[in-house]
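Reading the structure
Residue-level listing of the chains:
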Amino acid sequence: MKKFFLVLTLVIGCVMTGMAQDAKSVLDKCAGVVSAPEGVSASFTMESAQYGSASGTIAVKGKMFHATTPIATMWFDGKTQWTLLARNNEVSVTNPTEPQLQSINPYNFINLYKSGFKYTMTTTTSSYNVHLTSTDANRKIQELFITVDKKTYSPTEIKLRQGSKWTTFTISDFKKKVLSDAEFRFNSKDFPTAEVIDLR
């Protein structure tokens, strides 16, 4: 009987290792799609207990992104971020930290799995559903669910938990797009009346 339980434990362990490997393979492919060298664009909606609701568009090229919502427009060129608030026509200029970027750019979450998380995966007829849990109790993001389209390996939903609060990004109209680096920098000529506040 002890041998039976030992064998059963080994089999379960092998199956779980295989599932984790499959989940990592799916996330590797998804990260590759999102990291297309020419760039990608998508529409998104966000529902958050902490930040409220928003919808808009986002363009990503490497570490750079450009997001537009009715409340604000953001540009990030890999180092500097410009945030234009529609209500007061002000642009704040910052050099955000990596944790700050993770709370702003939904596609940053795609790469979190590479260290400090364990994962499992379930599937439906159309998607892979990967569940990530942090191995570090002090990490800001403790849990994520990433839904990946089976045909395209593009992300369709990212749900994450910070403390006890959840934020969900629903992603649509995802496509590869040739993007100029200039698209990820604020151009004052396009907003001549905006007040620029440099907070660096």
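Scroll up to find the structure this text is about.
Scope of this entry: the structure provided in the associated data block. (Residues numbered from 1 in each chain as written. Predicted model: local features only at pLDDT ≥ 70, side-chain atom pairs only at ≥ 80, totals over all residues. Heavy atoms only, no water.)

Helices and strands together make up the secondary structure of the protein chain, namely two helices and 12 strands. In the protein chain, the succession of helices and strands from N to C terminus is α-β-β-β-β-β-β-α-β-β-β-β-β-β. When burial is assessed residue by residue, the protein chain has 38% of its 200 residues classed as buried. The long-range share in the protein chain, meaning contacts at least 24 apart out of those at least 6 apart in sequence, stands at 47%. Taken as a whole, the protein chain presents about 11300 Å² of accessible surface, with 56% of it coming from carbon and sulfur. (Helix = DSSP H or I, 4+ residues; strand = E, 2+ residues; numbered from the N terminus. Buried < 20%, exposed > 50% of the residue type's maximum accessible area, 1.4 Å probe, protein only. Contact = heavy atoms within 4.5 Å. Areas by Shrake-Rupley, 256 points an atom, 1.4 Å probe, with all protein chains shown as cover.)

Let us look at the side chain of Thr 69. Checked against the element boundaries, Thr 69 lands in the loop between strand 3 (64–68) and strand 4 (72–76). Judged by its relative accessible area of 16%, Thr 69 is buried. In contact with Thr 69, other than residues within four places in its own chain, are Phe 44, Ser 55 and Gly 56.

Side-chain direction in a regular strand flips from residue to residue, so the side chains alternate between the two faces of the sheet. In this structure, strand 1 (residues 40–48) lies alongside strand 2 (residues 52–61), joined through nine bridges in antiparallel fashion. Residue pairing across strands places Ser 43 opposite Thr 57, the latter belonging to strand 2. A loop of three residues connects strand 1 with strand 2, the two strands running antiparallel in sequence. Sheet analysis places strand 1 next to strand 11 (residues 165–176), joined by eight bridges and oriented antiparallel. Across the sheet, residue Phe 44 finds its bridge partner in strand 11, namely Ile 171. (Pairing = 2+ DSSP bridges.)

Quick look at the pattern of salt bridges now. Counting across every chain of the model gives five salt bridges. The residue Lys 61 makes a salt bridge to Asp 181 at a minimum N-O spacing of 2.9 Å. One end of the pair, Lys 61, is in strand 2; the other, Asp 181, is in the loop between strand 11 and strand 12 (195–198), and 120 residues separate them in sequence. For Arg 185, the salt bridge goes to Asp 77, with nearest N and O atoms at 3.8 Å. Taken together, the positions of Arg 185 in the loop between strand 11 and strand 12 and Asp 77 in the loop between strand 4 and strand 5 (81–85) put the pair 108 residues apart, joining distant regions of the chain. When its relative accessible area of 22% is taken as the criterion, Asp 77 is described as partly exposed. (Salt bridge = Lys/Arg side-chain N within 4 Å of Asp/Glu carboxyl O.)

It is worth spelling out the nonpolar core at this point. Membership of the largest hydrophobic core comes to 36 residues, with the highest contact counts inside it found for Val 26, Phe 65, Val 130, Leu 132, Leu 144 and Val 148. The element that contributes the greatest number of residues to this core is helix 1 (residues 2–34), accounting for seven residues. Leave out the neighbours within four places in its chain, and Val 26 touches Met 121, Tyr 128, Val 130, Val 148 and Tyr 153. Trp 75, Trp 82, Leu 84 and Phe 186 belong to the second-largest nonpolar core, a separate cluster that totals seven residues. (Core = buried A, V, L, I, M, F, W, Y, C linked by side-chain atoms within 4.5 Å.)

Bringing the packing of aromatic side chains into the picture now. On inspection of all chains with the given rule, the structure shows seven aromatic pairs. Between Trp 75 and Phe 186, the aromatic rings sit 5.3 Å apart at their centres with planes inclined by 70°, giving edge-to-face as the arrangement. Separated by 111 residues along the polypeptide, Trp 75 in strand 4 and Phe 186 in the loop between strand 11 and strand 12 bring together distant segments of the chain. Of the residues examined, Trp 75 reaches a relative accessible area of 5% and is grouped as buried. Look at Phe 186 and you get buried, because its relative accessible area is 13%. Taken together, a centroid distance of 5.9 Å and an interplanar angle of 35° make the contact between Phe 145 and Trp 166 tilted. Here Trp 166 lies in strand 11 and Phe 145 lies in strand 9 (residues 141–149), a separation of 21 residues in the sequence. (Phe/Tyr/Trp six-rings, centres within 6.5 Å; stacked < 30°, edge-to-face > 60°.)

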